[in-house]
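# Inside the fold
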Amino acid sequence: MAVFFRSREPDGGFEVAEYRQISRSDPEAAAATRRSRQAEIKHLQVVLLSFGLLCVLQASLNIALRLSPATQPGSQPGTQPGTEEGTQDETQEEHSCPQGWIPSSSSCYYVSSQRASWDGARQACRARGGDLVIINSQQEQDFLSGLVVAAWVGMTDRGTEGVWMWVDGTPVDKERLRWAPGQPDDASGGEDCGDLRVMRSFMGLNDFDCGFPAPWICEKNIKPV
Ligand SMILES: [Ca+2]
Ligand SMILES: [Ca+2]
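Residues numbered from 1 in each chain as written. Chains lettered and ligands numbered in written order. Predicted model: local features only at pLDDT ≥ 70, side-chain atom pairs only at ≥ 80, totals over all residues. Heavy atoms only, no water.

## As for the coordination of the calcium ion (ligand 2)
The condition is simple: In this listing, donors mean N, O and S atoms no farther than 2.8 Å from the metal, or 3.2 Å for Na, K and Ca; water is missing from the atoms, so a site can look incomplete. Site shape is set this way: if four donors have all angles between 85 and 135 degrees, tetrahedral; if opposite donors are over 155 degrees apart and all others between 65 and 115, square planar for four donors and octahedral for six; otherwise irregular. Numbering of helices and strands runs from the N terminus; a helix is a DSSP stretch of H or I covering at least four residues, while a strand is a stretch of E covering at least two. Only protein chains enter the area calculation, which uses a 1.4 Å probe; residues under 20% of their type maximum are buried, those over 50% are exposed, and those in between are partly exposed.
Surrounding the calcium ion (ligand 2) are the protein donor atoms Gln183 (OE1), Asp185 (OD), Glu191 (OE), Asn206 (OD1), Asp207 (O) and Asp207 (OD), which sit 2.1 to 2.5 Å from the metal. Around the calcium ion (ligand 2), the 6 donor atoms sit at angles spanning 68 to 148°, and that spread fits a shape best called irregular. Taken in sequence order, the residues that donate to the calcium ion (ligand 2) follow the motif Q-x1-D-x5-E-x14-N-D. Residue aspartate 185 is located in the loop between strand E5 (163-166) and strand E6 (193-199), and its partner asparagine 206 is located in strand E7 (residues 202-208); the two are separated by 21 residues in the primary sequence. Judged by its relative accessible area of 37%, aspartate 185 falls in the partly exposed class. You can call asparagine 206 buried: its relative accessible area is 3%.

Given below as structure tokens:
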């Protein structure tokens, strides 16, 4: 029995000592010891129970504290759905145009209601996940001509004067596209950015002062459904 106590209660040396003092021939003393042991066990149970409750309380507190920073800055749950919405939009954009963009064949076009320099316009397009429009065909030019009166498009001859390039690095096919009469003319001391004009007497592509604030057209490609 002493071994039993030792193995169960490694720190309970007093219990082992007490047990050794009891002679088996003294039932009264044994009963008294049993009662006192029972009382001690009860006491121990209460202590253990209290300790357990404290642990549970501590755990609950920890969870509450850990949760609170996530819920506390009230803006986070508000911005989180916004971000998710953005991701959703992006996945939708793969097959369809985002709100405010005009679909045509495998592209989406955005015509700005604001004005900006050519660089500002390009920046705005890129911020929306596209770029200034690249016109690949006469049909595309015709389609875009129905949307604007004058707007920046994604071509420039900043690299080499007179060599017109699209923002994706491909050269502008001067033969295939229609330029406005007499353009490009690099007028007024330098015109290195391209716009599309749809005016009765001035229709087609034109080179213009990059810093001039004008509306613009963005393009974004979509995957065919
Ligand atoms: Ca030029
Ligand atoms: Ca010009």
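Having put the structure on the table, let's press on.
## What to know about the sheet that holds E7
The cut-off we apply is this: The pairing criterion is simple: DSSP has to find at least two bridges between the two strands. Each axis is a line fitted through C-alpha atoms, and for a helix only the stretch in contact is used; angles between axes span 0 to 180 degrees, taken between their N-to-C directions. A contact between two residues is defined here by any heavy atoms of the two lying within 4.5 Å.
With antiparallel pairing, 4 strands are arranged side by side in an open sheet as E5-E4-E6-E7. Only two strands of the sheet have a single partner each, and these edge strands are E5 and E7. Strand-to-strand twist across the sheet, computed as the mean angle between neighbouring axes with direction ignored, equals 35°. Of the pairings in the sheet, the one linking E6 to E7 comprises 7 bridges and is antiparallel in character. Bridged to valine 198 within E7 is methionine 203. Lying over the sheet, helix H5 (residues 118-127) contacts strand E4 (150-160) and E6, oriented at roughly 110° with respect to E4. Taken strand by strand, helix H6 (residues 138-145) contacts E6 and E7, and its axis lies near 65° from that of E6.

## Focus on the pairing of strand E2 (residues 107-111)
Counting buried positions along E2 yields 4 of 5 residues, so the element is predominantly enclosed. Linkage of strand E1 (residues 102-104) to E2, two consecutive antiparallel strands, is achieved through a turn of 2 residues, within which serine 105 is found at a positive phi near 45°. Bridge analysis of E2 against strand E8 (residues 217-221) gives 5 bridges, and the strand direction is antiparallel. Bridge assignment links cysteine 108 to a residue of E8, and that residue is lysine 220.

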